[in-house]
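# Chain and residue survey
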Amino acid sequence: MKLGIVGLPNVGKSTLFNAITQAGAESANYPFCTIEPNVGIVAVPDERLNVLADMYNPQKVTNATIEFVDIAGLVKGASRGEGLGNKFLSHIREVDAIVHVVRCFEDSNIIHVEGSVGPLRDVETINLELIFADIEMLDKRIDRTRKLMKGGDKKYQAEIDVLEDIKKLLEDGKPARAREYSAEEQEMLKDLPLLTFKPVLYAANVSEDDFSNGIENNSMVAELEALAASEGSEVMPISAKIEEDISVLPPEEKAEYLEALGINESGLDRLVKKSYKLLGLISYLTAGEPEVRAWTITRGTKAPQAAGKIHTDFEKGFIRAEVVAYKDLIECGSYVAAKEKGLVRSEGKEYVMNDGDIVLFRFNV
């Protein structure tokens, strides 16, 4: 999973990126500090792996991972090449989802590219640039499809109708994801990489005081939540400065710091959970003495395709999956005990995987 962190210059993007990835991306108080996108690979926190490791004593424990990409700050006119321009819109096309960092705090010491703090204005600035870029792409696709229709093939009319419907949506200032799509339409559009198709999580970057004392009095966050609700997106309040502070602490001190703030999860943990939900992802687990590992799949994935995540041969030669739910395994205390109680199931090719399934795949190639 690849998440692109976007936003206007100086809203806390690189500070947040540094904190959650500890990758050391440059962060400074001037626009366009980030030019080439910085990339950081982060292990997905999963307490279940620690529990299984205690049970199996494996040689290795491997978490699922997320790739974060810190994309340069966009400005008004980016779709026409302003600021750092279209080069960075292309970086957004490569990610699975967008984490849009929005500044929701006042600080006279931190320059804002627009001269003042305005979350809704900032979101509109970014969204409009993505919309303008998408309209340009749609126009090219519509022209190409119309030329194909000239040969008399009417099958392209349905595609043109959908493309023009999306274009009208964009011209009304709404993202392409604001519309629902049938299975046929999704198939039709699968090779159309619109920026506004991508799911968005707004990260409301608040001050340390607001985050510590409660954000209910922060009117800027409330405005952002109302906007997100109107387009089917979500908002996650976060303090990039707090995340930066705790990122360098050892685990026990980090836990104490979070407890003092009255929260039990770091921003990274919350961001990962929200991102999984946003993209419809779950994890299944494999466990044994060689390795305990989490594997990321899309919700609704069937057993053979899940097996293919480990190796293509597992999918090609799939015979069955021996599955036990994580909760059942822990309650029984061992795989043998779970099997004796009939809680280890033999599942075939049509089995749909569940989050937390512990699986042993049987295959023959």
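Residues numbered from 1 in each chain as written. Predicted model: local features only at pLDDT ≥ 70, side-chain atom pairs only at ≥ 80, totals over all residues. Heavy atoms only, no water.

## Structural notes on the packing of aromatic side chains
So the rule is basically this: A pair of aromatic rings is counted whenever rings of Phe, Tyr or Trp (Trp by its six-membered ring) have centres within 6.5 Å, and the orientation is called stacked for planes under 30 degrees apart, edge-to-face for over 60 and tilted otherwise. Working definition: helices are DSSP H or I runs of at least four residues, strands are E runs of at least two. Numbering for both runs from the N terminus.
Across all of its chains, the model carries 5 aromatic pairs by this definition. With 5.5 Å between their ring centres and 80° between their planes, Tyr181 and Phe197 make a pair best called edge-to-face. Of the two residues, Tyr181 sits in the loop between helix 5 (156-171) and helix 6 (183-189) while Phe197 sits in the loop between helix 6 and strand 6 (200-205), which places them 16 residues apart along the sequence. Taking the centre distance of 5.8 Å and the plane angle of 90° together, the rings of Tyr284 and Phe361 count as edge-to-face. With a gap of 77 residues between them, Tyr284 in strand 8 (residues 281-286) and Phe361 in strand 12 (residues 357-363) connect regions that are remote in the sequence.

## Some remarks on the environment of Arg144
Mapped onto the fold, Arg144 is located in helix 4 (residues 119-149). Once the C-alpha coordinates of Arg144 and Ile160 are considered, the two residues, 16 residues apart in sequence, prove to be 9.9 Å apart.

## Examining unusual backbone geometry
Residues other than glycine seldom take positive phi values, yet Asn57 does so here, at roughly 50°. Residue placement: Asn57 occurs in the loop between helix 2 (47-56) and strand 3 (60-62).

## Notes on the environment of Val365
Operational definition: Only heavy atoms enter the contact rule, under which two residues are in contact if any of them lie within 4.5 Å.
Following the sequence through the fold, Val365 ends up in the segment after strand 12. The sequence separation of Val365 and Lys316 amounts to 49 residues, and the corresponding C-alpha distance is 7.1 Å. Those residues in contact with Val365 that sit more than four places away from it in its chain are Asp313 and Gly317.

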